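# Examining the three-dimensional arrangement
The primary structure of each chain is shown beneath.
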Amino acid sequence: MHAKARSVLVVGSGLAGLTCAAELAASGRDALVVSPGRAGRDGATHRVHALAPWILLTAPWVRGDSPTRFFDDLKRRGLGLERSGLAEVLADSSHAAALRLIEDLDLEPMDAEPVTLAGDELPRGLRCLPRNRHIMLAPALTHCAAVGVRVRERTLVFGLLIGEDRVVGAVVVDRDGGGVSSIEAEAVVLACGGGGAVFPVTTSPRWCRGTGLALASAAAVLLHRPGLAQALPVTATPPLFFPSSAALVHGRIEIGSRALPADRDVEATTVAIAGAARAGTPALFEPIAETASILPARVRASAAFKQSGRIPLTVALHHCIGGVAIDTWGRTSLPGLYACGEAAGGVQGQRRTMGTGLLEAAVFGRRAAQAIIRDQKEYGPRSERNRRAAVPGLPFEPAAIEHRLDELLGPLVVLRPPDEVESAVRELRAWPLGDFEPSLADEASAFAGIRRQAALAMLGAFREDRSADAPGAPPAGSGEGRWTTSA
Ligand SMILES: Cc1cc2nc3c(=O)[nH]c(=O)nc-3n(C[C@H](O)[C@H](O)[C@H](O)COP(=O)(O)OP(=O)(O)OC[C@H]3O[C@@H](n4cnc5c(N)ncnc54)[C@H](O)[C@@H]3O)c2cc1C
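What this report covers is the structure whose coordinates are included nearby. (Residues numbered from 1 in each chain as written. Predicted model: local features only at pLDDT ≥ 70, side-chain atom pairs only at ≥ 80, totals over all residues.)

## Description of the overall build of the chain
Per the secondary structure count, the chain includes 15 helices and 21 strands. Over its C-alpha atoms the chain spans a radius of gyration of 21 Å, differing by no more than 12% from the 23 Å that the globule rule assigns to 487 residues. Each principal axis of the C-alpha distribution contributes one length, and for the chain these read about 65 × 55 × 45 Å. Split into buried and exposed, the 487 residues of the chain put 56% on the buried side. Taking all contacts inside the chain whose residues are at least 6 apart in sequence as the whole, residues at least 24 apart take part in 76%. (Helix = DSSP H or I, 4+ residues; strand = E, 2+ residues; numbered from the N terminus. Rg over C-alpha atoms; globule rule 2.2 N^0.38 Å. Buried ≥ 20, exposed ≤ 12 C-beta atoms within 10 Å, placed from the backbone. Contact = placed C-beta atoms within 7 Å.)

## Overview of the packing of helix α6 (residues 211–218) against helix α15 (residues 443–462)
Relative orientation of the contacting elements α6 and α15 amounts to 85°, with a least axis distance of 8 Å. The angle between the axes of α6 and α15 places the two elements in the roughly perpendicular class. Between α6 and α15, the residues in contact are Thr211, Leu213, Ala214, Ser217 and Ala218 and Ile450, Gln453, Ala454, Ala457 and Met458, respectively. Looking at the contact of α6 with α15, its residues break down into seven nonpolar, three polar and no charged. (Axes fitted to C-alpha atoms, helices over the stretch in contact; angles between N-to-C directions. Parallel < 35°, antiparallel > 145°, perpendicular 65-115°, else oblique. Nonpolar A, V, L, I, M, F, W, Y, C, P; charged D, E, K, R; others polar.)

## Observations regarding unusual backbone geometry
The omega torsion of the bond from proline 238 to proline 239 falls at 0°, within 30 degrees of zero and hence cis. Looking at the secondary structure, you find proline 239 in the loop between β13 (229–235) and α7 (245–250). Positive phi outside glycine occurs at arginine 154, with the angle close to 50°. Among the structural elements, arginine 154 can be located in the loop between β7 (150–152) and β8 (155–162). A tally of 18 C-beta atoms within 10 Å means that arginine 154 is categorised as partly exposed.

## So, the packing of helix α1 (residues 15–26) against helix α12 (residues 357–375)
Two elements in contact, α1 and α12, have axes whose closest approach is 8 Å; the angle formed by their N-to-C orientations is 35°. With respect to the hand of their crossing, α1 and α12 are arranged in right-handed fashion. Across the interface between the two elements, Leu15, Ala16, Gly17, Thr19, Cys20, Glu23 and Leu24 from α1 touch Leu358, Ala361, Ala362, Phe364, Gly365, Arg366, Ala368, Ala369, Gln370 and Ile372 from α12. For the contact of α1 with α12, a count of residues per class yields eleven nonpolar, four polar and two charged. (Left-handed = near helix turned anticlockwise from the far one by under 90°.)

## Here's the deal with the sheet that holds strand β12 (residues 223–224)
The strand order across the open sheet built from three strands is β12-β18-β20, with neighbouring strands paired in mixed fashion. In the strand order of this sheet, the two ends are held by β12 and β20 (344–345), each with one partner. Lying over the sheet, α6 contacts β12 and β18 (323–325), oriented at roughly 45° with respect to β18. (Pairing = 2+ DSSP bridges.)

Function cannot be inferred from these measures alone, as they are strictly geometric.
Right under this line is the structure:
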């Protein structure tokens, strides 16, 4: 299958991908979105409403606040690990972008005023729900259809097609047995989400296993601190629900027979639960009454909660802060390749501010489209010479490496002893790869190849992306601890 030559290929149908594609199509560009599952339902965006009690949009809302103050706070939390210029864009755009998102996604604010989030001096967190509890991205899908965005579902991208010196398309596998093919395009946008599902316990959907990191590293495209990621405490049995940080710090948590101190923050809570999980000690959460009511019915109906009013907790990889390195317009280091949303790295640094993931996706999705529209004027004719597919190594036995990755990475969600990380990296590097052509890959080997390559990018960077170069920071991956609300 070959898409039209002047089309833009958008990888992923989360908020970043749909925003980018709609902007392109509205400007008369031919935008094709590919997604491995059902469009609009297979990314982290779809999960926000399912695994958290509300949708949080953080921006300067009140008198006395401003983009400059918001930027200062992002910068202070970033501890220098953010990428130059990106936080400014987020701070400058967040207020207007949040208002637009409320309208575009038909969201309904829960409170008359924003709430003050932990670590903030001003109320910045607007809590919303989809009006009529509709599927989060349903309005965006409708809009995309109206402006002519083409969508191809059940299609997994697992490589980039590179011409002389620029990307000219992608390599995909059809999940309905149609085999491997290439999709040619004038530009490719990595809107494929983060790498939470590189780890076995994650709030991200299974598809979000670091495709951006894997494809970029296979094509020698610059990454920005791929080891920078945020973990959070969640209910230990599915659904892996995040009860809000306020609930976690105000409720009682017992590890073994010891209760965690009352004045703890989310970071300390995350680290303590991760330590307990590594030691095989249960961590039990007794929510205050107000929190119990926001827990999903399945959690409230669980035997543990019914018997004792307590819920086992674990830690989950939640959000990738690092990712593919971009400029302020979503351009990567490879001409023709763009990245936005959680696939892109460095809008924030060591500590991520809660309630910003959707705004990042919308703001940088739109900017990537605008950059493509401008850049396309400069594109010369695409050369057929020296074409190659940049594809992650494809494991010979995909099921075996998936299993081994679960074993190796399960204990490393938060605490990452250097010797364990190094031994995992050695093992993954030496893992036997099939010496078959990408065109002979199947879904399982492509899927496992993405995960192995992304795991190597993340693990290999844990050492340099942690607190050593950011004095005063908590251990890498200990959770940025700002997914909390005082409400
Ligand atoms: C439980 C939870 C609660 C959250 N709460 C909030 C909140 O309250 N406020 C907030 O601002 N943010 C929140 N976030 C973060 C926010 O949801 C994400 O930052 C944001 O949705 C990322 O959007 P995205 O479009 O970049 O990625 P995603 O929505 O993850 O979309 C990625 C897309 O790429 C596709 N894809 C992946 N790999 C491939 C491949 N190889 N080939 C083709 N397609 C591929 C996926 O299937 C998906 O369609 C939350 C996240 C979670 C998980």
